[in-house]
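Remarks on the overall topology
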Amino acid sequence: DILATYGLALLDQSPNSDEGQKALEKSLALNPEKHRLRLALAKRHYAMKNPEQGIAQLRTAYHAVPLDFVVQEAYIKALMQAGKNEEIKQEIATFKKDYPTNPRGSFIDGWFKLVQKDYAGAQAMFEKALSTKDNPEKILAYTGLAELYQQQNQPQKAINAWQTLLTEDATQIPVYAKWYQLVRELKRTPEAITFLTQLEAKSDTWQPSAVLAQILQEQKQMPEAIKYIDRALERSAKA
């Protein structure tokens, strides 16, 4: 752990640090299960203009822990940037075969199709991921759908996707920001206030209260903003 921390600090200070690389490699030699350290090693290889070695580090990490989404995302992104489409297709097929009931296989397939601008195929995959019962990663599929609609210049459909997710899980702070950015662009803040007021009324979480307070403050509706931020504080136990 000390070697890992030292190596990460050195590479943060200087992406090309030889000493940082050696410290991470020593840490991995002592504990090969620290697979995320390979992401830092990959980043160094990219800094040194050695992309193939970077991909090799990510591939090793991914094949060791294919269910680690942080590792999986970094690896697939690297393959996309390198234009290794056939390898991506093979990795997706392998994941689906090894984990046939895991909705992330459909999400990754949809993500790849979205990058390839196969919008119909991407939408089908995202919707398949959403249809999986008890999917703990629905935010991924909804994010994919929203991005798909935005790329097709259908902002209202993107807003609807975000609102559906927030209705299912009102705790998703990053989603509020993406949703409200689109609402602002369409100049539909009053509709946003109506949606949040309804969501806040049927929720026992603090997030919709806090976000509603922020928007009301922005609209100079201070008494209402104070009411909702007080409620957010109460619901969050003064967080």
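Read on for an overview of the structure. Source: prediction; values computed, not measured. (Residues numbered from 1 in each chain as written. Predicted model: local features only at pLDDT ≥ 70, side-chain atom pairs only at ≥ 80, totals over all residues. Heavy atoms only, no water.)

1. Some points on the nonpolar core
Defined as follows: In these notes, a set of buried Ala, Val, Leu, Ile, Met, Phe, Trp, Tyr and Cys residues joined through side-chain atoms within 4.5 Å is what counts as a nonpolar core. Think of it in three bands: with a 1.4 Å probe and only protein chains considered, a residue is buried below 20% of the maximum accessible area for its type, exposed above 50%, and partly exposed in between. Helix numbers and strand numbers start at the N terminus; a helix is a DSSP run of H or I with at least 4 residues, a strand a run of E with at least 2. We call two residues in contact whenever any of their non-hydrogen atoms come within 4.5 Å of each other.
By size, the foremost hydrophobic cluster in this structure holds 55 residues, and its most contacted members are Tyr 176, Trp 179 and Leu 196. Among the elements that make up this core, the one with the highest residue count is helix 9 (residues 138–151) (seven residues). Beyond its immediate chain neighbours, meaning those up to four positions away, Leu 196 contacts Tyr 176, Trp 179, Val 211, Leu 212 and Ile 215. Listed in part, the seven residues of the second largest apolar core include Ala 4, Leu 11, Leu 24 and Ala 40.

2. A word on unusual backbone geometry
Phi is positive for Lys 117, which is not a glycine, with a value near 65 degrees. Along the chain, the position of Lys 117 falls in the loop between helix 7 (104–115) and helix 8 (119–131). Looking at Lys 117, the relative accessible area reads 56%, which means it is exposed. Positive phi, normally seen in glycine, also occurs at Lys 220, with a value near 65 degrees. For Lys 220, the position within the fold is in the loop between helix 13 (207–218) and helix 14 (222–235). Note on Lys 220: relative accessible area 71%, which makes it exposed.

3. Section: the pattern of salt bridges
Formally: The working definition used for a salt bridge is a side-chain nitrogen of Lys or Arg within 4 Å of a carboxyl oxygen of Asp or Glu.
Following the criterion strictly, the structure yields 15 salt bridges and no others. In this structure, the salt-bridge partner of Arg 59 is Glu 87, at a minimum N-O distance of 2.8 Å. You can see Arg 59 sitting in helix 4 (residues 51–64) and its partner Glu 87 sitting in helix 6 (residues 85–98), a full 28 residues away along the chain. With a relative accessible area of 24%, Glu 87 lands in the partly exposed category. The salt bridge partner of Arg 104 is Glu 137, with a shortest N-O separation of 2.8 Å. Here Arg 104, found in helix 7, pairs with Glu 137, found in the loop between helix 8 and helix 9; they are 33 residues apart in sequence, far enough to count as distant. By relative accessible area, Arg 104 is classed as buried at 6%. The exposure class assigned to Glu 137 is partly exposed, which follows from its relative accessible area of 21%. One connected set of salt bridges, linked through shared partners, spans Lys 96, Asp 109 and Lys 113.

4. Brief notes about the side chain of Arg 38
Threshold: Charge assignment: positive for Lys and Arg, negative for Asp and Glu; neither His nor the chain ends contribute. Pairs of N or O atoms are called polar contacts if they sit within 3.5 Å, as long as, within protein, a hydrogen donor faces a hydrogen acceptor (for residues adjacent in sequence, only side-chain-to-side-chain pairs).
The topology assignment puts Arg 38 in helix 3 (residues 37–47). Buried Arg 38, no salt bridge; nearest opposite-charge side chain is Glu 25, N-O distance 7.5 Å. A distance of 2.8 Å separates the side chain of Arg 38 from the side chain of Gln 57, its partner in a polar contact.

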